[in-house]
Amino acid sequence: MRSILTIIYNDLSIYLSQRGNLVGLLVIPVLLTLVIGWSLGRIGGGGPTRLRVDLIDLDRSDLSAHLIEELRAANDALVLCPLDNDADDYCRLEDEPLDVDRAIQRAHSGRTRALVVIPAGYADALVDFRTVTIDFYSRSDPMQPGPVLQGLNAVLQRTSSASMTKGVAAALLDNLTTAAQLPALDEETRDSFLNTLYDRALQLSTEQPPAVLFRVADSADDSEGGIDNGFNQSAPGMGSLYVMFTVLGGMAVLLRERRQWTLQRLMALPLSRAQILGAKIGAYFTLGMIQFFIVFAVGAAFGMDFGSNPPALLAVMAAFVLCITALTFALAPWIKSEGQARGLVLLLSLSLAPLGGAWWPLEIVPEFMQTIGHLSPVAWAMDAFQDLIWYNGAFPDVLPEIAVLLAAAAVLFAIGIRSFKYE
Amino acid sequence: MKTMVEARNLRKSYKRADGSTIEAVKGVDLDIHQGEIFSLLGPNGAGKTTTISMISGLVAPTEGDATIGGHSITKQPMAAKRLMGFVPQEIALYPELSARQNLAFFGRMYGLGGKKLSRRVDELIEFVDLADRQNDRIDTFSGGMKRRVNLAAGLLNSPPLIYMDEPTVGIDPQSRRRILDTVKLLRDEQDMTVLYTTHLMEEAQELSDRVGIMDHGEIIAMGTQAELTQQVGEEDRLEITTGAQNVGEALTERMQQDIAGLTRVLYNPPEPIGENSGESTPARLTVFAKRGRTALPQIIQTLDAAGIDIQSVEVREPDLEAVFLALTGRALRD
Ligand SMILES: Nc1ncnc2c1ncn2[C@@H]1O[C@H](COP(=O)(O)OP(=O)(O)O)[C@@H](O)[C@H]1O
Ligand SMILES: [Mg+2]
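Since we're looking at a predicted model, the values are computed, not measured.

Caption draft 1: Examining the interface of chain B and chain A more closely. Taken residue by residue, the interface counts 33 residues in chain B and 27 residues in chain A. Of the roughly 2600 Å² buried where chain B meets chain A, counting both sides, 63% is carbon and sulfur surface. By the criterion of area lost to chain A, the three top residues of chain B are B:Leu58, B:Tyr94 and B:Met109, representing 26% of everything that side buries. At the boundary of chain B with chain A, the tally comes to one salt bridge. For B:Glu96, the salt bridge goes to A:Arg256, with nearest N and O atoms at 3.4 Å. Mapped by element, the contributors of at least two residues to the side of chain B that touches chain A are β1 (3-15), α1 (48-55), α2 (77-82), β6 (84-87), α3 (99-109) and α5 (143-153) of chain B.

Caption draft 2: Expanded view of the site of ligand 1. All names here are of chain B. Taken together, Tyr14, Ile22, Ala24, Pro43, Asn44, Gly45, Ala46, Gly47, Lys48, Thr49 and Thr50 form the complete shell of residues around ligand 1. The separation between an oxygen atom of ligand 1 and a polar main-chain atom of alanine 46 is 3.2 Å. At 2.9 Å, a backbone N or O of glycine 47 approaches an oxygen atom of ligand 1. Isolated, ligand 1 exposes 560 Å² of accessible area, and the fraction of that covered by the protein chains is 64%. Sorting the residues of the shell around ligand 1 by element identifies β2 (21-33) and α1 as the ones contributing at least two each. Ranked by residue count, the leading element in the shell around ligand 1 is α1, at three residues.

Caption draft 3: Geometry of the nonpolar core. Grouped together as the largest cluster of nonpolar side chains are 145 residues, with contacts concentrated most on A:Phe320, A:Phe385 and B:Tyr163. At 13 residues, the largest contribution of residues to this core is made by helix α12 (residues 310-331) of chain A. Apart from residues lying up to four places away in sequence, A:Phe385 is in contact with A:Pro236, A:Ser240, A:Phe292, A:Phe296, A:Leu313, A:Val316, A:Met317 and A:Trp390. Grouped together as the second largest cluster of nonpolar side chains are 24 residues, A:Val53, A:Leu55, A:Val148 and A:Ala201 included.

Caption draft 4: Summary view of the sheet that holds strand β4 (residues 63-68) of chain B. Residues and elements named next belong to chain B. Taken together, four strands build an open sheet; the order of strands is β2-β1-β4-β5 and the sheet is antiparallel. One side of each edge strand has no neighbouring strand; the edge strands of this open sheet are β2 and β5 (71-72). The sheet contact formed by β4 and β5 spans two bridges and is antiparallel. Bridged to isoleucine 68 within β5 is histidine 71. Contacts between α1 and the sheet are confined to β1, β2 and β4, with β1 contributing the most and set at about 120° to the helix.

Caption draft 5: Structural view of the pairing of β4(B). Residue and element names in this part refer to chain B. As paired elements, β1 and β4 share five bridges and run antiparallel to each other. When the sheet's bridge partners are listed, alanine 7 is paired in β4 with alanine 66. Turn length for the β4-β5 hairpin, with the two strands adjacent in sequence and antiparallel, is two residues, and the turn residue glycine 69 shows positive phi of about 55°.

Caption draft 6: Focus on the state of the cysteines. Residue and element names in this part refer to chain A. Per the stated rule, a full pass over the model turns up one disulfide over all chains. Across the disulfide, cysteine 81 is cross-linked to cysteine 91 (sulfur-sulfur distance 2.0 Å). Where cysteine 81 bonds to cysteine 91 through sulfur, the torsion about that S-S bond is close to -90°, and the disulfide is left-handed. With a gap of 10 residues between them, cysteine 81 in strand β2 (residues 78-81) and cysteine 91 in the loop between β2 and α4 (100-109) connect regions that are remote in the sequence.

Caption draft 7: The sheet that holds strand β11 (residues 236-242) of chain B, seen in detail. Residue and element names in this part refer to chain B. Spatial strand order, β12-β13-β11-β14: four strands in an open sheet with antiparallel pairing. Because the sheet does not close on itself, it has two edges, and the strands there are β12 (262-268) and β14 (310-316). Sheet twist, expressed as the average angle between the axes of neighbouring strands with direction ignored, equals 15°. As paired strands, β12 and strand β13 (residues 283-289) are joined by six bridges and run antiparallel to one another. Counted as the bridge partner of leucine 266 is threonine 286 from β13. Those strands touched by helix α9 (residues 249-258) are β12 and β13, and its axis lies near 160° from that of β12. The strands touched by helix α10 (residues 292-305) within the sheet are β11, β12, β13 and β14, with β11 carrying the most contacts at an inclination of about 25°.

Parameters at a glance
Residues numbered from 1 in each chain as written. Chains lettered and ligands numbered in written order. Predicted model: local features only at pLDDT ≥ 70, side-chain atom pairs only at ≥ 80, totals over all residues. Heavy atoms only, no water. Contact = heavy atoms within 4.5 Å. Buried area = accessible area lost by both parts, 1.4 Å probe. Salt bridge = Lys/Arg side-chain N within 4 Å of Asp/Glu carboxyl O. Helix = DSSP H or I, 4+ residues; strand = E, 2+ residues; numbered from the N terminus. Near = heavy atom within 4 Å. Polar contact = N/O pair within 3.5 Å; in protein donor to acceptor, adjacent residues only side chain to side chain. Areas by Shrake-Rupley, 256 points an atom, 1.4 Å probe, with all protein chains shown as cover. Core = buried A, V, L, I, M, F, W, Y, C linked by side-chain atoms within 4.5 Å. Buried < 20%, exposed > 50% of the residue type's maximum accessible area, 1.4 Å probe, protein only. Pairing = 2+ DSSP bridges. Axes fitted to C-alpha atoms, helices over the stretch in contact; angles between N-to-C directions. Disulfide = S-S within 2.5 Å.

Okay, structure coming up:
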């Protein structure tokens, strides 16, 4: 056992002493994890989701201001542009004025979630109890209204019911005055009375919490695709990809060890073949685990979730690394040159990774591609990682995936150990 | 006399890529006595490395077995391997590690550790005279320095037996001298048994107590140098390099018939050196004769008459080269 550990330690220190290897082990996977993580979600994942909504107020009245205030209050995720733009230009206005045409363009392209246009004469129409049209533009499916439309509807409902209260009261007042033959109120008193009534009605409907509170996280329309944090996808995905790059690269190293006769020198030592093979397998398994830890450390630094079952997560990592190590040993005997090995590593990593959902979740690809994807060990690992990280699964949830990975490892090891070239 | 290595009927066949098999070693019997330097002498491809690989447990014999100090290399490989050190033909070292790191790693694999390990590494670095470069990476070393570390790595466990497979290939004359002296030192001062392979007659001649001559996978002659040269008798050997003119079989036969005392005449036409250097070895006529110096004038006369240019003539006493020539009809080439 001590000799095995000595060989593993020696192989790893040789591997880590080479600057080129550190680029592949550390620099590139970390960068890629960051880029993919940031592209798929927000940095850090700590802050609330924000929905960019253009709002153009052509009325500029107290009542339109009131509507805007209501809209803000209805959903704190809404960022109304340009009113609520921040120093970082979250609205992405780039200091250009926002007119209706540009805003429609933005809603159309999906840059904003929606566009709300409050027409000129909104306040007058409301006061006079006339029909008024608020324009709403969005790419979202009207059959599945998104959080913006839902918020707007709730606000408009309250505003219009307050306005209706006022209209009904005005009619009631006029009819009452006529029917009871009371002296007509002067205009000013009447308006003041009706406005108080309107405010009171609005206040009541606002204080009364709406029956449904729309939270962004509840929304199926959320285009973040159900990933709370981009690193929940990018860390396991890039981890799997780079475990393949790093561990499969062992094919070339095994060839070199045979060519430079260090493998033969080991065999002239009083060591059994099983010890030598075990040490070589151990070295690449350890390297693969190190690779996973590096990438997951990046994810952890950016608030990635690890689920609630660390042992299960470790087991999935180990099963995947073991499977890739076995693949390395199954392929190594057929490799004739280092160039051939490099080509094969690229080919396998770059086909198995996307096929298995390392770059994007398999859930978004067509069903037949999901089926084909499960030829890749990456798909099984990613399924298990999703179960644990996204859905907080427990050990039994990922046992099937672990079993598949271990079974594949057993078959590949059987091939690899049988045809391992000592000579 | 105790026998250290005893090999019986060792055979090894390899499968070629095209499916045919090649018999690299065809039934080798070997006895190496304790405390001697035994050389396997033979041209490239003779099967020396394959033989050494089988008796060191690197390669499983297709047939036959060998014992090291009484332990079968196939059945008790651990016990057998503990008795031997191994210096492969290749520089079997990690190029990314320093000389010291390489030796320390292989030393640990023999179970050495702590003070004992570092003392042994110090000793060996001193022994191969590399103290000033011990912490430099192997890939910065010259060929001769690499060879010396390669040799030191075979001595880590202070084995009673060491195999050295062409340990002087590709190095400068000083480094070669140093290694040859080291090999003799191991026998004379440390009482080690050495199996030494080479394709160079001079090395075998200088070092060996006994020699096995190998060709095409077989040991074609074995014994002390005196025993071997006796096999070719008391004949002298005349090495004559000739011009580009072809020496036909008719001429060599005529010489054999006409000149008294000639037993054999061999002709090796020029052969290109290396792949595409454009140079070639000179044509060489080898003549075996009872009294070479007496026959010489007549030989020169005959060649002259046949229009063959003579560039040089050398008369050699019987040596290993002559044995190889006599047995195979070919020269051992460098
Ligand atoms: N692994 C192998 N596969 C196929 N042929 C081999 C292998 N090793 C050696 N040979 C062949 O066996 C013969 C003997 O080789 P080797 O033992 O290396 O000779 P030497 O060491 O005397 O130069 C050569 O013809 C060589 O090509
Ligand atoms: Mg050889």
